[in-house]
Amino acid sequence: WAEVSGRAQPGIAVDGGLGVGRVTKPGLKQKVGEAAINPVPMQMIRQAVKEVLDDCGQAAGMKVVISIPAGAELAKKTFNPRLGIEGGISVLGTSGIVEPMSEKALVECIGLELRQKRALGCDRLLVTPGNYGADFIRSLCSVRETELVKCSNYIGRTLDMAVAAEYPEVLLVGHVGKLIKLAGGIMNSHSREADARAELMAACALRAGGTADAARAILECLTTDEMLRVLQENGLLQKTMAAAAERIDFYLRCRVKERLTIGAVVFSDEFGILCTTGPAERWLRELKERGNG
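Residues numbered from 1 in each chain as written. Predicted model: local features only at pLDDT ≥ 70, side-chain atom pairs only at ≥ 80, totals over all residues. Heavy atoms only, no water.

If you trace the 5 strands from one edge of the open sheet to the other, you get E9-E8-E10-E11-E12, paired in mixed fashion. The sheet is open, and its two borders are formed by strand E9 (148-150) and strand E12 (272-277), each paired with just one other strand. Pairwise comparison of adjacent strand axes, ignoring direction, gives a mean angle of 20 degrees for this sheet. As judged from the 4 bridges shared by strand E8 (residues 124-128) and strand E10 (residues 169-175), these two strands associate in the parallel manner. Counterpart to Val127 in the pairing with E10 is Leu172. Of the strands in this sheet, E8, E10, strand E11 (261-268) and E12 touch helix H12 (residues 280-292), which is tilted by about 80 degrees from E11. (Pairing = 2+ DSSP bridges. Helix = DSSP H or I, 4+ residues; strand = E, 2+ residues; numbered from the N terminus. Axes fitted to C-alpha atoms, helices over the stretch in contact; angles between N-to-C directions. Contact = heavy atoms within 4.5 Å.)

For the rest of this paragraph, the subject is the packing of helix H4 (residues 103-119) against helix H6 (residues 155-164). The geometry of H4 relative to H6 is characterised by a closest axis approach of 10 Å and an angle of 35 degrees between their N-to-C directions. When the axes of H4 and H6 are compared, the crossing they make is right-handed. For the pair H4 and H6, contact is made by Glu103, Val107, Ile110, Gly111 and Leu114 and by Arg157, Thr158, Met161 and Ala162, respectively. Of the residues assigned to the contact of H4 with H6, the class counts are 5 nonpolar, 2 polar and 2 charged. (Left-handed = near helix turned anticlockwise from the far one by under 90°. Nonpolar A, V, L, I, M, F, W, Y, C, P; charged D, E, K, R; others polar.)

What follows covers the pattern of salt bridges. Under the definition given, this model contains 19 salt bridges. Among the ionic pairs, Lys50 bridges to Asp54, the shortest N-O distance being 2.9 Å. Taken together, the residues span about one helical turn, with Lys50 and Asp54 both in helix H1 (residues 39-56) at a distance of 4 residues. Relative accessible area serves as the criterion here: at 41%, Lys50 is assigned to the partly exposed category. Across the pair Glu193 and Arg192 runs a salt bridge whose closest N-O atoms are separated by 3.7 Å. One salt-bridge network, held together by shared partners, links Arg124, Glu169, Arg282 and Glu286. (Salt bridge = Lys/Arg side-chain N within 4 Å of Asp/Glu carboxyl O. Buried < 20%, exposed > 50% of the residue type's maximum accessible area, 1.4 Å probe, protein only.)

Moving on, we get to the sheet that holds strand E5 (residues 61-66). Spatially, the 3 strands line up as an open sheet ordered E1-E5-E2, and their pairing is mixed. Each edge of the sheet is formed by a strand with only one pairing partner; in this case those strands are strand E1 (2-7) and strand E2 (12-16). Ignoring strand direction, the axes of neighbouring strands in this sheet form an average angle of 20 degrees.

What follows is the structure, given as structure tokens:
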């Protein structure tokens, strides 16, 4: 539900009401105390209200309260309590486009897309879990849509299908929140299948020479962004990500059984590229040069 009312102050304010979670711990995109409404839906709500005001020739201040009556009950089935989001569910979204997410349908769509691109002559497949990775690689290089596939959480199954389609090369690009799981051989990155982000990051930090105190600090973090800041504060960021890259490379090569050449790019919004594996760094240079040419 959305309730819109006037307010004395200018601008469009958006807040959460009944059933919309509220942030109680740092580390998320919203500040502590704010409603758990992601930046994209927040922007879309404001834009929709602004368009109506513009159509009416109005410039009044407005307040929008988003409510989800069953949100508190639904939140018990989500990851929100572990993230410190209390009182309801989150309003999510990165593009404003909802894509079908049933496992069978999605995996079949990915497989079809892989086969089509291969038939069209694609030799080096760019795989990313979703919009974050796709936008990141586009910001760095010249990317053709005929070589880019979004795999959602099904990294392992996508690689299996790439092998079956006889791709020579695959470049995997993803946010550290997803790809750190590969350091433990976790090939389905959905939180209901496995999380272990903090445990794997702590293990990589220890492998890189970090102290037990640093590892414990990582284990207390809610998000990978927080973990990266802990690593930076302890002078461990570069070495830890190098250790993570080694393990990610190992498990990726095990998955494809050396039947194709695979590389990975792991990034974060704050730190950019954190590490690469295999020939990924060279491939990135080639993609950049292709764009410049």
